[in-house]
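# What the coordinates show
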Amino acid sequence: MARIAIIGGGNMGEALLSGLLRAGRPVKDLVVSEKTPARAEYLAQTYSVRLASLEDAVENAGFVILAVKPADVESVVAELAAAAAKAEGDSVEQVLVSVVAGVTTAYYESHLTAGSPVIRVMPNAPALVGAGVSALAAGRFATAAQLAEAAELFQSVGSALTV
């Protein structure tokens with residue numbers, strides 16, 4: 001199974017973490033990067049999940065789920081781009097999956113390494129209790145297989161539809 005890094009441990013990040021664990025995803029395949037120490041501690045104690053810096057979290061992650069506030073996107077994407085630049089050429093291809101409202105796939109594609117696969121997801125509030133509907137849209141470089149894998153991840157918190 002691909003390692004999944006969840007960047008941002010707020011309500012939606014926690015909902016995805018909880019859903020993935022309920023769906024049978026091993027905790028060893030999950031890592032969370034959360035900047036608020038109290039929130040990070042809560043997630044670690046509640047879910048026994050590994051916490052890491054953003055750079056360490058995304059290392060060798062097949063999927064990077066971006067679940068931060070829109071105001072934090074610019075700085076987080078800059079960190080992601082820097083981490084990708086440091087990565088070796090044989091590292092895992094990463095799919096950025098964004099649940100951030102109001103940020104387009106084109107934005108991510110223009111700020112990340114050329115050809116980076118990006119998938120934009122809009123889950124609704126019932127995802128917080130495992131009964132949501134998530135709409136997924138692939139960016140220019142995401143493959144059908146990557147889109148299907150991302151949809152499977154979001155089925156852990158409800159239904160997933162591709163558009």
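Now for a quick tour of the structure.

Rules of the game
Residues numbered from 1 in each chain as written. Predicted model: local features only at pLDDT ≥ 70, side-chain atom pairs only at ≥ 80, totals over all residues. Heavy atoms only, no water. Helix = DSSP H or I, 4+ residues; strand = E, 2+ residues; numbered from the N terminus. Polar contact = N/O pair within 3.5 Å; in protein donor to acceptor, adjacent residues only side chain to side chain. Contact = heavy atoms within 4.5 Å. Pairing = 2+ DSSP bridges. Salt bridge = Lys/Arg side-chain N within 4 Å of Asp/Glu carboxyl O. Buried < 20%, exposed > 50% of the residue type's maximum accessible area, 1.4 Å probe, protein only.

### What about the side chain of Ser156?
- You can see Ser156 is positioned in the loop between helix H6 (144-154) and strand S8 (158-162).
- Among the polar contacts made by the side chain of Ser156, one reaches the main-chain carbonyl oxygen of Leu153 at a distance of 2.6 Å.
- When neighbours within four sequence positions are excluded, Ser156 is seen to be in contact with Leu16, Gly19, Leu20, Arg22 and Ala23.

### Re unusual backbone geometry
- Unlike most non-glycine residues, Ser48 shows phi in positive territory, near 55°.
- Within the element layout of this structure, Ser48 appears in the loop between helix H2 (37-47) and strand S3 (50-51).

### A short note on the sheet that holds strand S1 (residues 4-7)
- Taking strand neighbours across the sheet as the criterion, the eight strands line up as S3-S2-S1-S4-S5-S6-S7-S8 in an open arrangement whose pairing is mixed. Of all strands in the sheet, those with a lone pairing partner are S3 and S8, marking the two edges.
- Judged from the three bridges that link them, strand S5 (residues 95-98) and strand S6 (residues 118-123) form a sheet pairing that is parallel. Following the sheet pairing, Val97 is matched in S6 by Ile119.

### What about the pattern of salt bridges?
- Summed over all chains, the structure comprises five salt bridges.
- Of the charged contacts, one joins Lys28 and Asp29 as a salt bridge, the two residues approaching to 3.3 Å between their closest N and O atoms.
- Between Lys35 and Asp72 there is a salt bridge whose closest N-O contact spans 3.3 Å. You can see Lys35 sitting in the loop between strand S2 (30-33) and H2 and its partner Asp72 sitting in the loop between strand S4 (63-66) and helix H4 (73-86), a full 37 residues away along the chain.

### With respect to the environment of Ala135
- If you trace the backbone, Ala135 turns up in strand S7 (residues 132-138).
- Judged by relative accessible area, which is 30%, Ala135 ranks as partly exposed.
- Filtering out sequence-adjacent residues up to four positions away, Ala135 remains in contact with Arg120, Val121, Met122 and Leu161.

### Quick notes on the environment of His111
- Considering the arrangement of structural elements, one finds His111 in helix H5 (residues 105-111).
- Exposure remark for His111: the relative accessible area of 40% places this residue in the partly exposed category.
- Considering only alpha carbons, one finds His111 and Gly158, 47 residues apart in sequence, at a separation of 30 Å.
- A distance of 3.0 Å separates a polar atom in the side chain of His111 from a polar atom in the side chain of Ser110.

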